[in-house]
Amino acid sequence: MSGAPETDEQQRLRFQIELEFVQCLGNPNYLNFLAQRGYFKDSTFVNYLKYLLYWKEPEYAKYLKYPMCLYFLDLLQYEHFRRELVNAQCSKFIDDQQILLWQHYTRRRSRLLTPTNTNGNVEQNMSSQNNNQSNGHINNKIS
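Residues numbered from 1 in each chain as written. Predicted model: local features only at pLDDT ≥ 70, side-chain atom pairs only at ≥ 80, totals over all residues. Heavy atoms only, no water.

- If you look the protein chain up in an unreviewed UniProt entry, it shows as Mediator of RNA polymerase II transcription subunit 31 from Zophobas morio.
- The Subcellular location (unreviewed entry) comment attached to the protein chain in UniProt states, word for word, "Nucleus".
- Quoted verbatim from the Subunit (unreviewed entry) field of UniProt, the annotation for the protein chain is "Component of the Mediator complex." (UniProt positions renumbered as here; feature names shortened; annotations may be inferred.)

1. Overview of the overall build of the protein chain
Reasoning step 1: A count of helices and strands for the protein chain gives eight helices and two strands.
Reasoning step 2: Tracing the protein chain from N to C terminus, the helices and strands come up as α-α-α-α-α-α-α-α-β-β.
Reasoning step 3: Sorting the 143 residues of the protein chain into buried and exposed places 27% on the buried side.
Reasoning step 4: Look at the contacts in the protein chain between residues 6 or more apart in sequence, and 59% of them connect residues 24 or more apart.
Reasoning step 5: Carbon and sulfur atoms form 52% of the exposed surface of the protein chain, whose accessible area is close to 10,500 Å². (Helix = DSSP H or I, 4+ residues; strand = E, 2+ residues; numbered from the N terminus. Buried < 20%, exposed > 50% of the residue type's maximum accessible area, 1.4 Å probe, protein only. Contact = heavy atoms within 4.5 Å. Areas by Shrake-Rupley, 256 points an atom, 1.4 Å probe, with all protein chains shown as cover.)

2. Observations regarding the nonpolar core
Reasoning step 1: Formed by 24 residues in total, the largest nonpolar core has its most connected members in Leu25, Phe40, Leu49, Leu52, Trp55, Leu76 and Leu85.
Reasoning step 2: The set of elements that each furnish at least two residues to this core consists of α1 (8-24), α2 (28-36), α3 (43-51), α5 (68-75) and α7 (88-113).
Reasoning step 3: The element that contributes the greatest number of residues to this core is α5, accounting for five residues.
Reasoning step 4: What Leu85 contacts, discounting residues up to four positions off in sequence, is Leu31, Asn32, Ala35, Phe40, Leu76 and Ile94. (Core = buried A, V, L, I, M, F, W, Y, C linked by side-chain atoms within 4.5 Å.)

3. Quick notes on the pattern of salt bridges
Reasoning step 1: Inspection of the entire model under this criterion finds six salt bridges.
Reasoning step 2: Here Glu9 makes a salt bridge to Arg12, at a shortest N to O gap of 3.4 Å. Of this pair, Glu9 and Arg12 both sit in helix α1, three residues apart, which is roughly one turn of the helix.
Reasoning step 3: Using a relative accessible area of 44% as the deciding quantity, one classes Arg12 as partly exposed.
Reasoning step 4: Because the salt bridges share partners, they merge into one network encompassing Glu6, Arg14 and Glu18. (Salt bridge = Lys/Arg side-chain N within 4 Å of Asp/Glu carboxyl O.)

Written as structure tokens, this is what we have:
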């Protein structure tokens, strides 16, 4: 890059590209793809990952749709983690754990958001809600 400052359009484009890339880091299969192609052995790429840590700042993190990517960005700062991602079984395990976390979070969140009946009993509401739940999404029946 030349010594000239970036234009507003260039800054906007860089922001969009880095936002998309950081969010891709939340996908263990993509991390496995990068590892198998040797990106994590390139010191320039590792330095780029360090640079991207600014996304953890609140003024940038608010734009992230997948905040789990920040957790992986932190882990990518460690050489051991980067080395292990070459193994497809490792990335599959991480992917499975991520799905389990999302399922647990969704169930727990739905419990917290379920109103209690007049007796303070949530069980009846939860059993009917669990029957309507599929893949972590609540399917509301229209009556």
